[in-house]
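Okay, here's what each chain looks like letter by letter:
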Amino acid sequence: MNSTAYEQRRSQIEHYFDRTAAEAWARLTSNEPVGRIRATVRAGREQMRNTLLSWLPQDMRGMRLLDAGCGTGALALQAALRGADVVAIDLSPTLVALAAERMAAEHPHLPGSVQFTSGDMLSPALGEFDHVVCMDSLIHYDTEHIAQAVATLATRTRGSVLLTYAPRTPLLALMHSVGRLFPRSDRSPALSPVDTGALGRALAAQTALQGWQAGRTQRIAQGFYTSQAWEWSRA
Ligand SMILES: C[S@@+](CC[C@H](N)C(=O)[O-])C[C@H]1O[C@@H](n2cnc3c(N)ncnc32)[C@H](O)[C@@H]1O
């Protein structure tokens, strides 16, 4: 994808996750206690991660997985524990460094492997994969950019692309207008709540997704966390 609008959005997201919110993300994804609101986000995210992992094979030995927008690397770790060879990429070098540091300290020996790198998940240099997971890494992009990103990833994927998006719900709209998820100083670039029907049509219109089909879908709504998982795989 080579559009200026995409690049502008990507650069805002990179700035946010690499600088403004890096500390908040480090804490949210650690075992340290957090406040009541963030505890609901943490619990929701864990449920989402488990849902996505349940859609991947239990035995991933010999498989390549792309953790696209890996943040601090929790999903990459679980896939490597199943034997996968994971490429974990994120726009934020700060989060990638933290992810690598945590993994080396807590899991120096894994059945699989994790190669951490910083940059754009859409880079063709990453190679081909059996499965790709975009957990909450597309939630700041608009419907068209999400569809184009999934299509781009699909051209390099043999099995499935699992994505999540922020579903357009009245409650989510209200919560984000109130904006209490993070303090004002580290509030994220606006989420892009997405209409499921519109996203389905945008995905179906992608030439690269001809021969692909929509599979399981699951909404996780826990306090201040709402996200919808969707499985796309080769027919
Ligand atoms: C909400 S966080 C989720 C992180 C991780 N997937 C998790 O669930 O813990 C979204 C992440 O996606 C990353 N991201 C967004 N767009 C990206 C892109 N085009 N390429 C790589 N990473 C991206 C951000 O830098 C951020 O760390």
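Relevant structure appears above.
1. Some words on the pattern of salt bridges
- Inspection of the entire model under this criterion finds six salt bridges.
- Between Arg158 and Glu128 there is a salt bridge whose closest N-O contact spans 3.5 Å. One end of the pair, Arg158, is in strand 5 (residues 157-165); the other, Glu128, is in the loop between strand 3 (113-118) and strand 4 (129-134), and 30 residues separate them in sequence.
- When its relative accessible area of 46% is taken as the criterion, Glu128 is described as partly exposed.
- Two residues, Glu231 and Arg216, come together in a salt bridge whose shortest N-O distance is 2.9 Å. In this pair, Glu231 is assigned in strand 7 (residues 225-234) and Arg216 in strand 6 (residues 212-222), connecting sequence segments 15 residues apart.
- Taken together, the shared-partner salt bridges connect Glu128, Asp130 and Arg158 into one network.

2. Some details on unusual backbone geometry
- Residues other than glycine seldom take positive phi values, yet Asp136 does so here, at roughly 55°.
- Here Asp136 lies in the loop between strand 4 and helix 6 (143-154).

3. Re the sheet that holds strand 7
- What the seven strands build is an open sheet, ordered 3-2-1-4-5-7-6; its pairing is mixed. The strands lining the two open edges of the sheet, one partner per strand, are strand 3 and strand 6. Taken pair by pair, the neighbouring strands of this sheet meet at an average axis angle of 15°, ignoring direction.
- By the bridge criterion, six bridges tie strand 5 to strand 7 in an arrangement that is antiparallel.

4. Digging into the site of the ligand
- Not every one of the 18 residues close to the ligand is listed here, only the nearest: Arg45, Gly69, Asp90, Met135 and Tyr141.
- Measuring from an oxygen atom of the ligand, one finds a side-chain N or O atom of Arg45 at 2.7 Å.
- Taking Met135, its main chain carries an N or O atom lying 2.8 Å from a nitrogen atom of the ligand.
- Summarising the interface, the protein chains cover 97% of the accessible area of the ligand, which totals 600 Å² for the free molecule.
- A per-element tally of the shell around the ligand places helix 1 (residues 4-20) first, with three residues.
- Each residue belonging to the shell around the ligand can be placed in one class, and the counts come to 10 nonpolar, four polar and four charged.

Reading the values: rules and limits
Residues numbered from 1 in each chain as written. Predicted model: local features only at pLDDT ≥ 70, side-chain atom pairs only at ≥ 80, totals over all residues. Heavy atoms only, no water. Salt bridge = Lys/Arg side-chain N within 4 Å of Asp/Glu carboxyl O. Helix = DSSP H or I, 4+ residues; strand = E, 2+ residues; numbered from the N terminus. Buried < 20%, exposed > 50% of the residue type's maximum accessible area, 1.4 Å probe, protein only. Pairing = 2+ DSSP bridges. Axes fitted to C-alpha atoms, helices over the stretch in contact; angles between N-to-C directions. Near = heavy atom within 4 Å. Polar contact = N/O pair within 3.5 Å; in protein donor to acceptor, adjacent residues only side chain to side chain. Areas by Shrake-Rupley, 256 points an atom, 1.4 Å probe, with all protein chains shown as cover. Nonpolar A, V, L, I, M, F, W, Y, C, P; charged D, E, K, R; others polar.

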